[in-house]
Structure formats: C-alpha cells, structure tokens
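# Fold and contact review
Now for the letters of each chain:
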Amino acid sequence: MSDMTETTPGWLSTDELEMARARMPILYVEAVPVRVDDSGEVTSVGLLLRIGPDGTVSRTLVSGRVLHHERVRDALLRHLEKDLGPVALPRVPSSLQPFTVAEYFPTHGVTPYHDPRQHAVSLAYVVPVAGDCRPRQDALDLVWFSPQDALSPAVQSEMPGGHGVLLKQALAHVGRVV
C-alpha cells in the first residue's frame, strides 16, 4: 500500500465517476460571488453564463466537486479560480460554515435542487471578490447583477437545477431580500 494520496484533478476516470455517482452522494462546494461596498453590504452578484451539454444557455453559480484528500477551503478556492480567473481575489470566509447545505437528487421534487446525473451534497458559500473576474474554462461570461435584478423572474428562470433557489437563500443570508 502506498503512502501517497492521489489528489490530481482526474482522480476518477469518466467511467469510475459515473459508477460512483450512481452509488453514493458526491460532495460539492458552491459559491455565490458578490461585490461588497466599504460597509460590507452586497452591491452585486456575479452569475456565470454557460452552455449545457444539451445546448441550452443558462446562468449558474461557481460549483464543483471536492476531490479526494482535498480540504473544503482548497476546493472552494480552486473552483473560484477556475471559474472566475486567477486575479478574482476571493475572500473566503474565515469560518467555513456554509449558509446552507443543498441536497441535489436525480429525482425531481425531493428537494428544490435537481441534478439528473447524481445525488450530490453541496456546501454553499457567499464569497466576496475584489479583483478582476474573467471567466475561464466552460463559462461563456460572468455578468454582475444588482441583488434586485438577480432575484427577478427573468433571471431566476435562466437558473436550472435549483440554483435560483440557492441564490435567493444566499441573498437572504446576507440581508438582501427584495
């Protein structure tokens, strides 16, 4: 048995990941990137624009798996950098208590959260970012919305899988219910 722990991003092959998703919940982190003013009040919310596997365009949050032998803080920072770029300057909270735990099920209606691929448990955080955000990888764009606009029916309708519900919870958590 090796003393080394495999922590490379491809820790499971595609087939192994599909098998794991079919048999057990997968741990994720999700981040709601926000801009704050000098008093710490949320002034805007960043939503990623992505194209799904089926070709649909949607708005989403920063999200990704926690890898084997990876700390939650490190996973959160890795996904923020992957989605927002290396100079986003995120301020991860000193306490890693999430504002909610979202449970995604492959079956509709069990919770407000749905992921047809798997049962996933996601720790969700509001993360202020101060730097220049430039989406990378599979995100087309990052658009900053006022809290009021982010909660509008038009924007909410573009957020599949329960991300709109998660965004509402995040804004309520920071006192920005409209």
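In every chain, residue numbers begin from 1 and rise along the written sequence. Residue-level local features of this predicted model are given only where pLDDT is at least 70; pairs of side-chain atoms are given and counted only at 80 or more, and the full residue set underlies all totals for whole chains, interfaces and linings. No hydrogens and no water enter the side-chain calculation; it runs on all heavy atoms of the structure.

Labelled according to an unreviewed UniProt entry, the chain appears under the name DUF4916 domain-containing protein, originating from Streptomyces pactum.

### Some remarks on the packing of aromatic side chains
Stacked, edge-to-face and tilted are the three classes for Phe, Tyr and Trp ring pairs, Trp counted by its six-membered ring, which pair at centre distances within 6.5 Å; planes under 30 degrees apart are stacked, over 60 edge-to-face, the rest tilted. Under the counting rule described, the total for this entry stands at 1 aromatic pair. On the basis of an interplanar angle of 50° and a centroid distance of 5.2 Å, the ring pair of Y104 and Y113 is categorised as tilted. Summarising the burial analysis for this pair, Y104 and Y113 share the class buried. Burial classification: accessible surface area is computed with a 1.4 Å probe over protein chains only, and a residue below 20% of its type maximum counts as buried, one above 50% as exposed, and the rest as partly exposed.

### Details of the side chain of S58
What counts as a helix is a DSSP run of H or I of at least four residues, what counts as a strand is a run of E of at least two, and both are numbered from the N terminus. Assignment of secondary structure puts S58 in strand β3 (residues 57-60). Here, two residues are considered to be in contact whenever any of their heavy atoms come within 4.5 Å of each other. Apart from the residues within four sequence positions on either side, S58 is in contact with L48, L49, R50, E158 and P160.

### Things to note about the nonpolar core
Note on terminology: a nonpolar core comprises buried Ala, Val, Leu, Ile, Met, Phe, Trp, Tyr and Cys residues joined through side-chain atoms within 4.5 Å. Within the largest apolar cluster, 24 residues are counted, with the highest numbers of intra-cluster contacts made by V32, V45, L47, F99, L166 and L167. Counting only elements with at least two residues in this core, the list comes to β1 (26-36), β2 (42-51), β5 (100-104), β6 (120-128) and α5 (163-173). Beyond its immediate chain neighbours, meaning those up to four positions away, F99 contacts V32, A124, Y125, V126, L166, Q169, A170 and H173. Grouped together as the second largest cluster of nonpolar side chains are 18 residues, A31, L76, V127 and A139 included.

### Considering the environment of V57
Note on placement: V57 falls in strand β3. Dropping the residues within four chain positions of it, V57 is found in contact with L49, R50 and I51.

### Focus on the pattern of salt bridges
Should the charged atoms of two oppositely charged side chains come close, the side chains can pair. Salt-bridge detection follows one rule: a side-chain nitrogen of Lys or Arg within 4 Å of a carboxyl oxygen of Asp or Glu. Counted by the stated rule, this structure contains 8 salt bridges. Put simply, R71 and D74 hold a salt bridge, and the shortest N to O gap is 3.2 Å. Given the relative accessible area of 33%, D74 is considered partly exposed. Each of R50, K82 and D83 takes part in a single network of salt bridges with overlapping partners.

### A few points about the environment of V174
As for its placement among the helices and strands, V174 is situated in the segment after α5. The class of V174 is partly exposed, set by a relative accessible area of 31%. Taking the C-alpha atoms as reference points, V174 and F99, 75 residues apart in sequence, are found 9.3 Å from one another. The contact partners of V174, leaving out residues within four places of it in the chain, are V42 and V126.

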